[in-house]
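Understanding the architecture of this molecule
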Amino acid sequence: MITVENLYKSFNHRPVLQGVSLRVEKGEILAVIGGSGAGKSVFLKHVSGLMEPDRGTIVVGGLEVARLKGKALEHYRERLGFLFQGGALFDSMSVYDNVAFPLREKTRLQEEKIKDLVCTMLEHVGIEDEDTKFPAELSGGMKKRAALARALITSPEIMLFDEPTTGLDPITVRNVLNYIKVTHQKHGFTGIIVTHQIPEIFAVVQKVALLSGGTIVAFGTPEEIQRSSNALVQEFLTGGVTHTSES
Amino acid sequence: MVTILILPIRYLGHLFLKTISSLGKSGIFLFTALVLIFIPPYKIYRVIKQVRFVGVNSTFIVLLTGAFTGMVLGIQGYYSLNKFAAESLLGPIVALSLIRELGPVFTAIMITARAGSALSAEIGIMRITEQIDALEMMALNPIRYLVVPNIVAGIISFPILAAFFDLIGILGGYLVGVKMLGLSEGGYFGEMRNMVTMQDITVGFYKSISFGIIVNWICCYKGYYTGYGAEGVSKATTEAVVVCSVLILVWDYFMASFFF
């Protein structure tokens, strides 16, 4: 479903990605783990088409993302949901309007139907009582959950999560991860999660990739990664890893 | 030694390339926005919202500056015309100055200061907080969503506000010339009716429309391509106001020459 081959990206002559290659099968969720500044978010933005690679290819469902322009890129993005690290909620809209926004803009659903969907989604992520608040009035955790609701409201075929649980308390982390798992079981989306949430993430994903030094140093199922004899993997899993260039 | 000689040339070359690239990028930005005005879906609600923000909310400041500009023109015009015993021409001088030049120019500068800077900052913050990326990820064109409504709002609001500026300015000139300095009311308005033509009004109208496009184009462009963090947004906002103010005066000269 998602095939990345030899992906290279530099910023001001500073290499961030140096030959990333991996594959995510349809219906699978991949966790990309790695140190801060390892280029995980940059990798995710390449998959979404927000950034263009210096070299290499990303093929999603037979489409080479970097070659997509105009309407083709628009159609590709209609299949995607993206949870941004900071939420990227629209400041000028309430939580309800933020979550309803993709439905209002991209579908012809009646307002009544939109209301049902939004209320159900807000209930799922546990912020149904915050629907009239604006992003500035929300805590970090609530913002994340509102952004998650907005990303999932259109039931996308492919979901990209950029650190969905960073900065959340342990109970909210468990709720958010559980919600991602349940939604995945229900809708069967293909997903990539960039995260530091180890080992909790292993219960949610089918594949794990460790990104370090601009390349994938380990790739496999959560069990394979946990059993890996690679020193860097073990160092990272046990919390001892130190790292790499800034992205 | 050679390096010292090469450095300024390299700097100039870099500056030249950067300027050309920036001009091209801003030109494509404007062209895209102008083309999207005519391609559905139309964001009518966003246009109304921006007309309110750019236009309605600027009314008070435009009326205030218009009144005082007209009053100053009344005093200065009377002082100059008095030397030639031609005070009766005060009405047309105030009206022509306002309708052809000062109305559109001052209105544009006041809106730049009030709404343009805010617009640039708003779009800049949307950029650095990834809200523009979020729009793209929803398969929405950020230029259609953020820039087009502002340009349309500018095309609608600027001429209307400039007309208000002209009107209140003429009344300000009347207050000073007729009520304070003792000119005849009939002379003030009668001469104005004789000398101000439809062409003068059209010139002011065209200028206002072009300023509406320029101000919204520059402010949106600077915000859209803002630098990183709060410093980037503050720099973009300052640049937007400075570039708009200069461009308004430069463009005014070219239009004044064209319609002379």
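Structural data are supplied above this passage.
Here is a short report on the structure shown in this document. Here the structure is a predicted model, which is why all the values come from computation and not from measurement.

**Description of the overall build of chain B**
Scanning chain B for helices and strands turns up 9 helices and 0 strands. On the principal axes, the C-alpha backbone points of chain B span a range of 65 × 60 × 30 Å. Taken over 260 residues, chain B has a buried fraction of 41%. Partitioning the intrachain contacts of chain B with sequence separation of at least 6 by distance along the chain shows that 88% fall at a separation of at least 24.

**Looking at the overall build of chain A**
A tally of helices and strands in chain A yields 8 helices and 10 strands. What you see for chain A is a C-alpha radius of gyration of 18 Å, in line with the 18 Å of a compact globule of 247 residues. Seen along its three principal axes, the alpha-carbon backbone of chain A occupies a region of about 55 × 40 × 35 Å. In chain A, once contacts between residues fewer than 6 apart in sequence are set aside, the share between residues at least 24 apart is 68%.

**Remarks on the interface of chain A and chain B**
Quoted interface sizes are often the accessible area lost when the parts come together. Taken together, the contact between chain A and chain B spans 14 residues of the former and 10 residues of the latter. Elements that contribute at least two residues to the side of chain A that touches chain B include exactly α2 (70–78), β6 (80–83) and α3 (95–106) of chain A. Of the residues belonging to the side of chain A that touches chain B, the class tally is 7 nonpolar, 2 polar and 5 charged.

**Section: the packing of helix α4 (residues 90–128) of chain B against helix α6 (residues 142–180) of chain B**
All names here are of chain B. Two numbers describe how α4 lies on α6: the axes approach to 7 Å, and their chain directions differ by 140 degrees. Comparing their axes, α6 and α4 come out oblique. Classified by chirality, the crossing of α6 by α4 is right-handed. The residue makeup of the contact of α4 with α6, split by class, is 17 nonpolar, 6 polar and 1 charged.

**Here's the deal with the sheet that holds strand β10 (residues 215–220) of chain A**
Residues and elements named next belong to chain A. An order of β6-β7-β8-β3-β9-β10 is seen for the 6 strands of this open sheet, with the pairing classed as mixed. Both outer strands of the open sheet, β6 and β10, are each paired with one neighbouring strand and no more. Sheet twist, expressed as the mean angle between neighbouring strand axes with direction ignored, is 15 degrees. Alignment of strand β9 (residues 207–212) against β10, held across 5 bridges, turns out to be antiparallel. The residue bridging Val-208 from the neighbouring strand is Gly-220, located in β10.

**Here's the deal with the sheet that holds strand β2 (residues 14–24) of chain A**
All names here are of chain A. Pairing is antiparallel in the open sheet, where 4 strands are placed in the order β2-β1-β4-β5. Each having just a single partner strand, β2 and β5 (63–64) make up the two edges of the open sheet. With 5 bridges connecting them, strand β1 (residues 2–11) and strand β4 (residues 55–60) associate as antiparallel partners. Its bridge partner lying in β4, Val-4 is registered against Ile-58.

What counts and how
Residues numbered from 1 in each chain as written. Chains lettered and ligands numbered in written order. Predicted model: local features only at pLDDT ≥ 70, side-chain atom pairs only at ≥ 80, totals over all residues. Helix = DSSP H or I, 4+ residues; strand = E, 2+ residues; numbered from the N terminus. Buried ≥ 20, exposed ≤ 12 C-beta atoms within 10 Å, placed from the backbone. Contact = placed C-beta atoms within 7 Å. Rg over C-alpha atoms; globule rule 2.2 N^0.38 Å. Nonpolar A, V, L, I, M, F, W, Y, C, P; charged D, E, K, R; others polar. Axes fitted to C-alpha atoms, helices over the stretch in contact; angles between N-to-C directions. Parallel < 35°, antiparallel > 145°, perpendicular 65-115°, else oblique. Left-handed = near helix turned anticlockwise from the far one by under 90°. Pairing = 2+ DSSP bridges.

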